[in-house]
Amino acid sequence: MQSKELPAPGTLYIVATPIGNLRDITLRALDILSAVDVIAAEDTRTTANLLRHYSISRKMMALHRHNENATVEKVVNLLSRGQAVALVTDAGTPGISDPGAILVKQVREQGHKVVPIPGPSAAVCALSAAGITTAQFLFYGFLPASGGQRRRELEALKLQPYTIIFYEAPHRILECLTDLAKMLGDQRRVTIARELTKLFETIHSCELGDALVWLQADTNRQKGEFVLLVSGAEAPNPAELTEQAQHILKLLLRDLPLKHAVTLSAEISGESKNTLYSQALLLQREKNQPE
Ligand code: SAM
C-alpha cells in the first residue's frame with residue numbers, strides 16, 4: 001500500500017468529497033484534508049460536518065460562486081507564501097456544476113501547481129449504474145430554470161446522438177421531465193437516478209413518455225437530488241438519404257463547418273435538414289474515432 005501523502009507547499013489540491021455516503025471519501029482525500037494549511041470550502045458548515053466525522057480540524061475559508069473571483073487573490077497569496085490549500089465543494093467534484101474553474105485557471109496561470117484528488121461525482125456515479133452501453137456521453141449539468149430557455153436549449157440538443165446527463169433539483173423535476181418528453185420525444189429512454197449513495201437511492205429507467213406518471217405515482221419519488229440520463233437521438237437510417245445527398249454532404253464537410261455544410265446540402269439535395277444533420281454528426285464521430 002502506498003504511504004500517507006503529505007501536501008506539498010504552495011500547491012492547490014482539488015479534492016472530491018462524498019455525494020451522500022460519507023464513507024465514499026478516499027484515503028488520499030483524508031491525507032490531504034487533514035494536513036493542508038487551509039481548506040477553501042463552498043459552504044464551511046457543510047464541510048465542517050465532513051471534517052468532524054473524520055476528526056479533522058483545519059482552518060477554513062469560504063469560496064463559493066458569489067465570491068470566487070474576489071477570493072482567488074487570497075488563495076494565490078497563500079500559495080505564494082508556500083501554504084498548501086485544498087478546495088472542496090458541498091458534494092462531489094469541484095468544478096463540475098460547482099465553483100472551482102475560475103480559481104484553478106488563475107492559480108495555474110500564476111505558475112502554482114494544481115493537483116486533483118479524484119473521487120465521487122454524481123454524473124459518473126449515475127452513468128456507472130444506468131446500464132447504458134453508449135461509448136460517448138455528453139455532460140450537460142443544469143438546464144436553464146426558465147421554461148422558455150430550457151425548451152430552446154433542448155431544441156438545440158435534440159439531434160445529439162450521445163446520451164445526455166442532466167442535473168436537476170427536486171422543485172423542477174416535474175417540469176424538467178415534461179419538457180424533456182415534449183422536446184426530445186416520448187420514446188427516448190431516460191434513467192432517473194435519485195439520492196445516489198443515500199438511504200433512499202433509486203435508479204429507475206423507462207421511456208420519457210412514462211417518466212412523469214412514474215414520478216407522480218409516489219410523491220417521495222420527487223424528493224431529493226437527481227441525475228437524469230437521456231439516450232441520444234437515433235442514428236439516421238442512411239437509406240433515408242439518396243446516395244447523391246450523402247455524397248454532397250461528405251464533400252461539403254471536408255471544407256465547411258458542420259452547420260453550414262448541412263444547410264447547403266439540404267438546399268442542394270432537397271433532403272431533410274434534420275436527417276442530414278444527424279448523418280453529419282455520425283460522420284464526424286466516425287472521423288474522430290481512433291483507428
Ligand atoms: N460537483 C458535483 C458532482 O461532482 O457531482 C455536483 C454539484 S451540483 C451543484 C449538485 C447536483 O448534483 C444536484 O442538484 C444533483 O443534480 C446532483 N447530485 C449531487 N449529489 C447527488 C446524489 N447523491 N444523487 C443524485 N444526484 C446528485
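Per chain, residue numbering runs from 1 following the sequence as it is written. Totals for whole chains, interfaces and linings use all residues, but because this is a predicted model, local features are given only for residues with pLDDT of at least 70 and pairs of side-chain atoms are given and counted only at 80 or more. Values reported for side chains reflect all heavy atoms of the structure, with hydrogen atoms and water molecules removed beforehand.

Novice: Residues and numbers for the overall build of the protein, please.
Specialist: Looking only at helices and strands, the protein features 11 helices and 10 strands. Once the C-alpha set of the protein is aligned to its principal axes, its extents read approximately 65 × 50 × 40 Å. A buried classification covers 44% of the 291 residues belonging to the protein. Reported accessibility uses the Shrake-Rupley method at a 1.4 Å probe radius. Residues are deemed covered only where the shown protein chains occlude them. As presented, the protein carries roughly 15,700 Å² of accessible surface, and 50% of it is formed by carbon and sulfur atoms. Charge convention: Lys and Arg are scored as positive, Asp and Glu as negative, and His as well as the terminal groups of each chain are ignored. A charge is said to be at NZ when it belongs to Lys, at CZ for Arg, at CG for Asp and at CD for Glu. The positive charge centre, built from 31 side chains, and the negative charge centre, built from 31, are 6 Å apart in the protein. Secondary structure elements follow DSSP: runs of H or I no shorter than four residues count as helices, runs of E no shorter than two count as strands, and numbering proceeds from the N terminus. Whether a residue is buried, partly exposed or exposed follows from its accessible area with a 1.4 Å probe, protein chains only, as a fraction of its type maximum: under 20%, in between, or over 50%, in that order.

Novice: Outline the pairing of strand S1 (residues 11-15), listing residues and values.
Specialist: With respect to burial, S1 is a largely interior element, five of its five residues being buried. Along S1, one buried face is formed by Thr 11, Tyr 13 and Val 15 and the opposite face, lined by Leu 12 and Ile 14, is buried too. A pair of strands is treated as paired once DSSP finds two or more bridges between them. Relative to strand S5 (residues 113-117), S1 is paired through five bridges, and the arrangement is parallel. If you follow Leu 12 over to S5, its bridge partner there is Val 114. Two strands pair when backbone bridges link them, and S1 and strand S4 (residues 85-88) are joined in this way by three bridges, in the parallel orientation. The partner of Tyr 13 across the bridge, within S4, is Ala 86.

Novice: Give a description of helix H6 (residues 147-157) that names residues and reports values.
Specialist: Every buried residue belonging to H6 is among Gly 147, Arg 150, Leu 154 and Leu 157, and all of these are buried. For H6, the buried positions fall inside an angular range of 85 degrees around the axis, keeping them on one side. Those residues of H6 that are exposed and angled more than 90 degrees off the buried face are Arg 152 and Ala 156. Against the buried residues of H6 lie strand S6 (137-142), strand S7 (163-168) and helix H7 (173-184). Summarising the geometry, the arc corresponds to the directions from the helix axis toward the C-beta atoms. Any two residues whose heavy atoms approach within 4.5 Å are treated as being in contact.

Novice: Tell me about a nonpolar patch on the surface, and name the residues and values.
Specialist: Exposure above 30% relative accessible area and the absence of a salt bridge qualify a residue for a patch, where like charges join within 9 Å and nonpolar side chains (Val, Leu, Ile, Met, Phe, Trp, Tyr) within 5 Å. Between Lys or Arg on one side and Asp or Glu on the other, a salt bridge is scored when a side-chain nitrogen of the former is within 4 Å of a carboxyl oxygen of the latter. Together, Ile 96, Phe 137 and Phe 139 make up a nonpolar patch on the protein surface, roughly 240 Å² of accessible area in all. Examined against the element boundaries, Phe 139 turns out to sit in strand S6.

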